[in-house]
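# Observations on the three-dimensional arrangement
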Amino acid sequence: MEKKAGKFIEENLSLIFSFVCKRVSNQEDQQDVTQEICLNLYESLCLKEIREPEHYMWVVAKHCLANYYRRKSREIGMMEPQMQNDRADMQDGILERLVKDENVQRLRKEIAYLSKMQRNVLVQYYFEGRRQSEIAENLHLPLGTVKWHLNAAKQELRKGMEIMREQKTLNFAPVYFSRIGMSGSTGEQGAASNMFRSTLSQNIVYASYHEAHTVNELADILAVSPVYVESELEYLEEMQLVCRQGKKYLANILIEEPKEEQLLKKQELYEKISERIATKTWEYLEKMKLWERPEIGGNKDKNMVMWAIIPYLMAWQERTTPEKEEQKKGLTFEEVAALRPDGGRNLIQATIKTPFADRYLEERGMTSFVGPCWNERQFEEGDSICLWLVDGKWSAKRVTEHYGGPNIWQDLAMLYRFCKGEKLPSEDYAFLCQKNYIRKEGQSFVCNLPILYEGELRDELLATVNGIKEEVMQQFEGEIAAYKQEILQQVPKQVRPQQQFYLQQMFGCDPWLVLYTINDLQNSGKLSTPDKWQWQAVSQLLVVKMEK
C-alpha cells in the first residue's frame, strides 16, 4: 500500500501545489502546506483502502488549508483580506462542490439502508414536503409513531455517515449458476432456473448460503441498494429459496462449489463403480436375451431395448415406507422437499460456474442430461402406465421446462388405450406418431418404444440389478463413506438434510450413475449411438400394468 500511496501523491503533486499557490501568497508557507497535505494523504492511504482517492485528496487539502488559516489568524489576530477571499473562493470552488457531491452520494446511499418504514417516512417528510400529520394519515399510523420513525431515521443516517461501508468481493466479482437442477415436480414456474430472475437473485442466495445476513448486510456485500435487495428477498422468501431467521436470511437450496480435486475424486469413484455395475448388468441381460422375452413388447430391437432398460434399472430404487426409512435412519423426499407456492414440490441444487466445473460437466454430458423422469398414471381396475425416460446428448430434447404433470397426462391416456389395443381416432394416432411414440407399418401402427410389462420378469430384473449394485458398492464401501462425509462437512447446517437425502440416493436412484453407465457402455461399444431418426424415441420405456 505504501508504494501505491507514493505513486498516487507523485502523480497529483503538481495539482496539490497549484491548489495551494492560488490560496497562499507566502512561498515558504506554500511549501509547508503542500508538504502537510501530502504527508496526511500518504498516512491515510497507507492505513486503509480509500474508495475515491481523488475526492479524498481534496478533503485533506481543505482541512490542511483550514488549519493553516487558523494558525495564521492566531499569529496576526485576524485573517488577511486575501485569505478571507481565498476561503470564500474555496467554498464556491471545485473543492466544496466535490465534497458536497460526495456527501450527497453517501447520504443517498445511507437512506437506502434504512428500514422500509423509516425510508417511507423520511422521503415523505423531506423530499415530498409533507407534514407529520399527513404522513400519519397516509400510512395509517399514530402521529407519535411517525415522529419516532423520523427521529430513528435521522439517528441511523447520522451513524451511517460516520462510517465507511466495507467493500466485499461479490460487488465486483459476482457468481453465476452454471446449472440449476431440480428433483421432484415442477409448478407453474416450470424449470428451477426460472425461479432465479436475475444475477442479483443468484448472488443474494449465494451470499446467504454459509452465513445469515440482514438486508443491509447483503446490500453491503453486493454493493447494491438495500431497496433492490429487499424487494428481491421478498420474492426469494415466498418461493422458499431463502428462509428467515429473525431479521436475517439464509439460503434454502443446495449450492455446489466444485473444486478440481473433489470433482476428480468423484470422477474416479463413479468410473470404477459404474464400469463394474454396467459390465455385470450387460452380461446378465445379454445372457437371458431380454429383447426376445415375451414380457418385452413394443420395439424389440436389441439396441433400443438396452438403451431403455439399463438406464431404467440403474435409476430404480426400492420405494419404501417412511417407517422403513426411519429404521434405516434415512430421510424421505417429503421430509426435505419444499412445497412451493407455484404448486411444485421439489429440491433445488445449483452449481457455481467455474471453467473447470463447466468443462467437467460438458465432458461428462451432464449439461444436456435431464432425468430420470417418472411419468405415471393410474387407471381403473388397478391398471397403470409409466412413461419413463432420460434425456441426453444421444437423444432429442424432449423434456421441456413445463414437462410432466398435466402436460404429459394426455400422452399417458392415449398410450394406455393404444397398449390395450383400442381403436383410436385418427387425430390421436397422428399425435402419437408426431411424438414418435408409435409408427405406421403397412396398414397398422406399432409402438416405437420398448414396453416392459409388470410381473415376474420385471421383479426379477429389479432384484438382480439391485443385488449387482449392492455387491459392487460393498467393495468400495470405505471410499464411498469417506466421500459422503467430506461432502456433508462442506454443507451449511440449514441445508444439511437436503444434502443427506441426495447422498442416500448415491448409486441408487442417482442420475450420475445413469450417465456414467451410459457413457461406459457407449465407450466400450456395447451400446450403439442411435441414428438420428431414433433420437426422439431412444432411452424411453413404457412400464405397463394391465389386469387380465
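What you see is a predicted model, and the numbers here were worked out from it, not measured in a lab.

Right, let's talk about helix α18 (residues 426-434) for a bit. Among all positions in α18, only Asp428, Tyr429 and Leu432 are buried. Down the axis, α18 shows its buried residues gathered within 100 degrees of arc, on one side only. Facing away from the buried side of α18 by over 90 degrees, the exposed positions are Ser426, Glu427 and Gln434. Downstream of α18 by one or two residues, Asn436 has phi in the positive range, about 70 degrees.

Here we take up the confidence of the model for the protein. Across the protein, the average pLDDT comes to 82, with 86% of residues at 70 or higher. Between residues 76-102, whose pLDDT stays under 50, and residues either more than four places distant or in other chains, the model counts 32 contacts.

This part covers unusual backbone geometry. Between Gly371 and Pro372 the backbone carries a cis peptide bond, its omega angle lying at 0 degrees. Note on placement: Pro372 falls in strand β8 (residues 370-378). A positive phi angle, near 45 degrees, is found at Lys289, a position not held by glycine. If you trace the backbone, Lys289 turns up in the loop between α12 (260-287) and β5 (296-298). Located in the positive-phi region is Phe507, a residue other than glycine, with phi close to 65 degrees. With respect to the element layout, Phe507 can be found in the loop between α21 (496-504) and α22 (511-523). On the basis of relative accessibility, which here comes to 2%, the residue Phe507 falls in the buried class.

A side chain of one charge can pair with a side chain of the opposite charge if their charged atoms are brought near each other. Tallied over the full model, the rule gives 16 salt bridges. In this structure, Lys353 engages Asp358 in a salt bridge whose closest nitrogen and oxygen atoms are separated by 2.6 Å. The class of Lys353 is partly exposed, set by a relative accessible area of 47%. Notably, a salt bridge pairs Glu441 with Arg439, separated by 2.9 Å at the nearest N-O pair. Taken together, the salt bridges that share partners define one network made up of Arg417, Glu422 and Asp428.

Structurally, Arg345 can be placed in strand β7 (residues 345-352). Between the alpha carbons of Arg345 and Gly187 there is a distance of 7.5 Å; along the sequence they are 158 residues apart. The contacts of Arg345, once residues within four sequence positions are left out, are Ser183, Gly184, Ser185, Phe333, Glu334, Ala337, Ala338 and Leu339. In this structure the side chain of Arg345 is engaged in a polar contact, spanning 3.0 Å, whose partner is the backbone oxygen of Glu334.

Counting buried positions along strand β9 (residues 384-391) yields eight of eight residues, so the element is predominantly enclosed. Residues of β9 alternate between two faces, with Ser384, Cys386, Trp388 and Val390 on one and Ile385, Leu387, Leu389 and Asp391 on the opposite face, all of them buried. With seven bridges connecting them, β8 and β9 associate as antiparallel partners. When the sheet's bridge partners are listed, Val370 is paired in β9 with Asp391.

Turning next to the side chain of Asp520. Along the chain, Asp520 turns up in helix α22. Put simply, Asp520 is tucked away with no salt bridge, and the nearest opposite charge, on Lys526, sits 5.7 Å away. Beyond its immediate sequence surroundings of up to four residues, Asp520 is in contact with Glu275 and Ala278.

What follows deals with helix α10 (residues 215-222). Among the eight residues that make up α10, six are buried, leaving the element largely enclosed by the rest of the structure. Its buried side turned inward, α10 meets α9 (199-207), α11 (226-238) and β3 (248-251). At the C-terminal side of α10, Ala223 shows a positive phi close to 55 degrees.

In this structure, Leu285, Leu290, Ile309, Tyr312, Leu387, Leu461 and Leu542 are the most contacted members of the largest nonpolar core, which totals 86 residues. Here the element with the most residues in this core is helix α13 (residues 302-315); it accounts for eleven residues. Dropping the residues within four chain positions of it, Leu542 is found in contact with Ile385, Cys386, Leu387, Leu415, Cys419, Cys447, Leu449, Pro450, Ile451 and Leu452. Within the second largest apolar cluster, 38 residues are counted, among which are Val175, Val215, Tyr249 and Leu347.

With their axes 10 Å apart at the nearest point, helix α6 (residues 116-127) and helix α7 (residues 132-139) run at an angle of 135 degrees to one another. With respect to α7, the element α6 is oriented oblique. In the crossing of α6 with α7, the sense of the turn from one axis to the other is right-handed. For the pair α6 and α7, contact is made by Met117, Asn120, Val121, Gln124 and Tyr125 and by Gln132, Ile135, Asn138 and Leu139, respectively. A per-class count over the contact of α6 with α7 returns five nonpolar, four polar and no charged.

A few words on the side chain of Asp342. Inspection of the secondary structure puts Asp342 in the loop between β6 (338-339) and β7. Despite its burial, Asp342 pairs with no opposite charge; the closest candidate is Arg340, at 6.0 Å N-O. Among the polar contacts made by the side chain of Asp342, one reaches the main-chain amide nitrogen of Gly344 at a distance of 3.1 Å. With sequence-adjacent residues up to four places away left out, Asp342 is seen in contact with Gly187, Glu188, Gln189, Gly190, Met195 and Met239.

Looking at where Glu49 falls in the secondary structure, it is placed in the loop between α2 (27-47) and α3 (53-76). On the accessibility criterion, Glu49 (57% relative accessible area) is exposed.

Per the counting criterion, the structure on display carries 15 aromatic pairs. Aromatic side chains Phe333 and Phe501 sit 6.0 Å apart centroid to centroid with 55 degrees between the ring planes, which places their arrangement in the tilted category. Note that Phe333 is positioned in helix α15 (residues 333-336) and Phe501 in helix α21, a separation of 168 residues in sequence. Both rings, one in Tyr360 and one in Trp512, keep their centres 5.9 Å apart while their planes meet at 45 degrees; by these two values the pair is tilted. Taken together, the residues Tyr360 in helix α16 (residues 355-364) and Trp512 in helix α22 connect sequence positions 152 residues apart. Ring pairing ties together the aromatic residues Tyr270, Tyr360, Phe507, Trp512 and Tyr516, which thus form one cluster. The residue whose ring lies beneath Arg197 is Tyr235, and the NZ or CZ to ring-centre distance is 3.8 Å.

What counts, and at which threshold
Counting of residues starts from 1 at the beginning of each chain's written sequence and follows it residue by residue. The model is predicted, so local features are restricted to residues of pLDDT at least 70 and side-chain atom pairs to those at 80 or more, both for listing and for counting; the totals for chains, interfaces and linings are taken over all residues. Only hydrogens and water are set aside; all other atoms, that is, all heavy atoms of the structure, feed into the side-chain values. Categorising residues by exposure relies on relative accessible area from a 1.4 Å probe, with only protein chains included: less than 20% of the type maximum marks a residue as buried, more than 50% marks it as exposed, and the intermediate range marks it as partly exposed. Per the convention used, a helix needs a DSSP run of H or I reaching at least four residues, while a strand needs a run of E reaching at least two, with both numbered from the N terminus. Arc, as used here, means the arc of the directions from the helix axis to the C-beta atoms. pLDDT expresses how confident the predictor is about each individual residue, on a scale running from 0 to 100. Here, two residues are considered to be in contact whenever any of their heavy atoms come within 4.5 Å of each other. Definition used for salt bridges: Asp or Glu carboxyl oxygen within 4 Å of a side-chain nitrogen of Lys or Arg. The definition of a polar contact used here is a pair of N or O atoms within 3.5 Å, where within protein one atom must be able to donate a hydrogen and the other to accept one, and adjacent residues in sequence count solely through side-chain atom pairs. For two strands to count as paired, DSSP must find a minimum of two bridges between them. Asp and Glu are treated as the negative residues and Lys and Arg as the positive ones, with His and the ends of the chain left uncounted. Only buried Ala, Val, Leu, Ile, Met, Phe, Trp, Tyr and Cys residues count toward a nonpolar core, and they belong to the same one when joined by side-chain atoms within 4.5 Å. Angles shown run from 0 to 180 degrees and are taken between the N-to-C directions of axes, each axis being a line fitted to C-alpha atoms and, for helices, limited to the stretch in contact. Roughly parallel refers to an angle under 35 degrees, roughly antiparallel to one over 145, roughly perpendicular to one between 65 and 115, and oblique to any angle outside these ranges. Should the near helix be turned anticlockwise from the far one by less than a right angle, the crossing is left-handed, and should it be turned clockwise, the crossing is right-handed. Note on residue categories: nonpolar means Ala, Val, Leu, Ile, Met, Phe, Trp, Tyr, Cys or Pro, charged means Asp, Glu, Lys or Arg, and polar means any other residue, Gly included. Think of it this way: a Phe, Tyr or Trp ring, Trp meaning its six-membered ring, pairs with another when their centres are within 6.5 Å, and the plane angle makes it stacked under 30 degrees, edge-to-face over 60, tilted otherwise. Whether a charge sits over a ring comes down to the Lys NZ or Arg CZ being within 6 Å of the ring centre and within 35 degrees of the ring normal.

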